Amino acid sequence: QVQLVESGGGLVQAGGSLRLSCAASGRTFRSYAMGWFRQAPGKEREFVASISWSFSTYYADSVKGRFTISRDNAKNTLYLQMNSLKPEDTAVYYCAARSSRMGVITPTIPGEYDYWGQGTQVTVSS
């Protein structure tokens, strides 16, 4: 059983930065693959970034070079550093966790994750 709580969302002007955090419960956090997704009104949930238990990372093309995913296993926390934000980045951002098992080490599909946070709103103004 894993609980995830996101924080750090807010309103920022285009070109600005935000850092999202996701605090995770559980004694096996370091074995989880973790990911960030986002969903804007009227649109499907889309992949943003993922990180494996071995710290391999993968990014959606839309955020490469601007966003950085990281994890601190000692703190049971996942991060998403977002720089050079654009209005099209506006969405509810969700963190997700995948328990250790055979499969892709940096999952990009929502159905590949087992646990989800409640989401945090990110709004980027023009």
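Look up a bit, the structure's there.
Residues numbered from 1 in each chain as written. Predicted model: local features only at pLDDT ≥ 70, side-chain atom pairs only at ≥ 80, totals over all residues. Heavy atoms only, no water.

### Notes on the nonpolar core
One recurring pattern in soluble globular proteins is that nonpolar side chains are buried together. Of all hydrophobic cores here, the largest spans 33 residues; its most connected members are Trp 36, Leu 80, Met 82 and Tyr 93. If you list the elements that add at least two residues to this core, you get strand 3 (18-24), strand 4 (33-39), strand 5 (46-51), strand 7 (67-72), strand 8 (77-82), strand 9 (91-98) and strand 11 (120-125). Here this core gets 5 residues from one element, more than from any other, and that element is strand 9. Ignoring any residue separated from it by four or fewer positions in sequence, one finds Leu 80 in contact with Leu 18, Arg 19, Leu 20, Trp 36, Val 48, Ala 49, Phe 67, Thr 68, Ile 69 and Tyr 93. (Core = buried A, V, L, I, M, F, W, Y, C linked by side-chain atoms within 4.5 Å. Buried < 20%, exposed > 50% of the residue type's maximum accessible area, 1.4 Å probe, protein only. Helix = DSSP H or I, 4+ residues; strand = E, 2+ residues; numbered from the N terminus. Contact = heavy atoms within 4.5 Å.)

### Things to note about the pairing of strand 9
On a regular strand, each side chain points to the face opposite its neighbour's, so the side chains alternate between the two faces of the sheet. Strand 9 sits mainly inside the fold: 7 of its 8 residues count as buried. Note: strand 4 against strand 9, 7 bridges, orientation antiparallel. Bridge assignment links Arg 38 to a residue of strand 9, and that residue is Tyr 93. Sheet topology places strand 9 next to strand 11; 3 bridges connect them, and they run antiparallel. Looking at the pairing, Ala 91 lines up with Val 122 of strand 11. Pairing between strand 9 and strand 10 (residues 115-116): 2 bridges, direction antiparallel. Looking at the pairing, Ala 97 lines up with Tyr 115 of strand 10. (Pairing = 2+ DSSP bridges.)

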